[in-house]
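Take a look at the letters that make up each chain.
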Amino acid sequence: MAADDRPTLGIGMVGYAFMGRVHSQAWRSVGAFFDLPVRPVMAALGGRSKEATTAAARDLGWAAAETDWRDLIARDDVQVVDICTPGDSHAEIAIAALEAGKHVICEKPLANSVAEAEAMAAAARAAAGRGVHAMVAFNYRRVPAIALARRWVAEGRLGRLHHVRAQYLQDWIADPAFPLVWRLQRERAGSGALGDIGAHAVDTAQFITGELLAGVSALTETFVTERPLAGVSAGLSATGATAPAGGAADGPAGGAVATGTVDVDDAALFIGRFSGGALGSFEATRFATGRKNALRIEVNGSRGSLAFDFEAMNELWFHDHTLPAADAGFRRVIVTEAEHPYAAAWWPPGHGLGYEHTFTHEIKDFVEAVAAGVAPVPSFDDGLRVQRVLAAVEASAADGSRFTPVEES
Ligand code: SOE
């Protein structure tokens with residue numbers, strides 16, 4: 001192996017389900033594709049069970065396994081703590097890590113409540129004064145096409161922005177028999193589709209436009225209120241049902257299956273006004289049958305429009321409204337040219353990227369910022385701002401005062 005005299009940056013990661021696996025992939029590959037000033041070392045993985053964490057560490061490329069995140073933070077070979085756990089543990093782990101002088105990258109949404117997010121943002125501000133940095137992992141900012149959309153808006157190519165239409169559509173819980181995994185429990189996840197995927201739609205819209213949502217009016221719904229209890233859950237799936245406890249439903253073989261209550265939203269819809277005056281409409285749902293991971297955004301401005309759909313993530317559509325009407329119209333840009341964000345590090349033009357690359361880009365940007373001693377973005381304050389939008393959506397939906405019933409004849 002060639003000699004490598006760069007300083008090392010030791011990473012400790014907590015959690016190894018869906019997000020932990022994709023972050024591991026990014027830590028493993030980032031140095032092979034991007035010329036980093038430091039060499040990330042995958043020092044230790046944190047989880048609860050010794051056996052499962054050791055096996056995950058072996059499979060995902062981590063040198064050691066820890067069963068208490070406090071021990072992981074305390075390790076001398078860990079300078080960065082990567083938090084890939086459900087939202088209910090983000091605040092405790094992130095604040096402890098920052099106070100211990102470790103840089104933090106934390107999965108989204110930043111926390112399960114505004115109060116937790118405020119405490120995390122305050123800890124991050126205090127740590128920044130000591131040269132310790134924190135970032136919230138809104139990975140979709142690092143889709144090359146979304147970064148290009150941001151560039152176009154910043155260059156003024158869309159002119160004055162009038163409309164932002166953002167949707168995040170999935171269908172993985174449309175089946176009422178799908179079990180009550182942690183993403184459907186308020187105590188673990190904070191909210192449902194709203195926080196899990198609506199948070200991405202909000203961050204993406206604010207990132208592309210460079211504007212903040214100033215106010216919202218919302219509707220939320222839980223279509224399936226009772227679900228079979230989940231046993232072992234991994235990523236978005238779950239297997240097995242725990243012993244009957246709460247309610248009961250018919251099991252596959254006609255037997256009773258224990259059920260539990262879904263106390264989060266299945267879908268959240270809201271309209272909003274951006275700080276620059278543009279009007280926004282947002283939709284986050286896991287009941288859009290046939291839509292798998294459709295994070296879609298369209299922005300209409302006085303000089304032109306752009307449109308993106310993650311299900312075709314290497315494409316960005318642009319309509320130049322300054323052209324004569326006969327020549328104008330949406331045209332497709334394949335975002336794989338060397339001039340496009342992040343693209344030069346990968347394959348020849350047209351040989352597209354996938355979901356996992358967005359995390360590699362995020363880790364690259366994080367490592368470069370930390371190595372340069374500058375604050376990475378999005379910051380915990382940015383994560384807090386998104387959390388405040390989520391809270392405003394929930395408050396508006398609960399209040400319902402701007403929901404005007406249609407009069408019966
Ligand atoms: C599940 O709905 C999920 O994995 C989200 O938690 C992620 O943030 C999103 O990128 C894909 O969908």
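Residues numbered from 1 in each chain as written. Predicted model: local features only at pLDDT ≥ 70, side-chain atom pairs only at ≥ 80, totals over all residues.

Here's the deal with the overall build of the protein
- Scanning the protein for helices and strands turns up ten helices and 19 strands.
- For 409 residues, the compact-globule formula gives about 22 Å, and the C-alpha radius of gyration of the protein, at 22 Å, lands near that figure.
- Across its three principal directions, the C-alpha atoms of the protein cover 65 × 60 × 40 Å.
- Counting the 409 residues in the protein, one finds 45% classified as buried.
- If you take every contact in the protein between residues at least 6 apart in sequence, the share linking residues at least 24 apart comes to 70%. (Helix = DSSP H or I, 4+ residues; strand = E, 2+ residues; numbered from the N terminus. Rg over C-alpha atoms; globule rule 2.2 N^0.38 Å. Buried ≥ 20, exposed ≤ 12 C-beta atoms within 10 Å, placed from the backbone. Contact = placed C-beta atoms within 7 Å.)

Section: helix α1 (residues 18-33)
- With 16 residues, α1 ought to run about 22 Å at 1.5 Å a step, and its terminal C-alpha atoms sit 23 Å apart, in line with that.
- Of all bends in α1, the biggest is about 25 degrees, found at Trp27.
- Turning to α1, its buried residues are Met19, Gly20, His23, Ser24, Ala26, Trp27 and Val30.
- Packed against the buried residues of α1 are β1 (8-14), β2 (39-46), α2 (50-60), β4 (80-83), β5 (103-107) and α9 (355-372). (Expected span 1.5 Å × (residues − 1). Bend = angle between axes of the 7 residues up to and from the residue.)

Quick notes on the packing of helix α8 (residues 193-209) against helix α10 (residues 380-399)
- Where α8 contacts α10, the two axes come as close as 10 Å, and the packing angle between them is 120 degrees. Considered as vectors, α8 and α10 are oriented oblique to each other. The two elements α8 and α10 cross, and the hand of that crossing is right-handed. Each of Leu194, Gly195, Gly198, Ala199, Val202 and Asp203 in α8 lies in contact with α10, whose residues at this interface are Val386, Val389, Leu390, Val393 and Glu394.
- Its residues assigned to classes, the contact of α8 with α10 shows seven nonpolar, two polar and two charged. (Axes fitted to C-alpha atoms, helices over the stretch in contact; angles between N-to-C directions. Parallel < 35°, antiparallel > 145°, perpendicular 65-115°, else oblique. Left-handed = near helix turned anticlockwise from the far one by under 90°. Nonpolar A, V, L, I, M, F, W, Y, C, P; charged D, E, K, R; others polar.)

Structural notes on unusual backbone geometry
- With an omega of -15 degrees, the peptide bond running from Lys108 to Pro109 counts as cis.
- Mapping Pro109 onto the fold places it in the loop between β5 and α5 (114-128).
- Looking along the chain, the bond that leaves Val377 and enters Pro378 is cis, with omega of 0 degrees.

Some words on the domain arrangement of the protein
- Per the domain assignment, the segments making up the protein are domain 1 (8-140), domain 2 (143-224 + 264-370 + 377-405) and domain 3 (226-261).
- Domain 1 puts 40 residues into the contact, and the matching count from domain 2 is 40 residues.
- Looking at the side of domain 1 that touches domain 2, the elements that each hand over two or more residues are α1, β5, α5 and β6 (134-137).
- With eight residues, α1 is the largest single contributor of residues to the side of domain 1 that touches domain 2.
- By residue class, the composition of the side of domain 1 that touches domain 2 is 28 nonpolar, nine polar and three charged. (Domains from an automatic or database assignment.)

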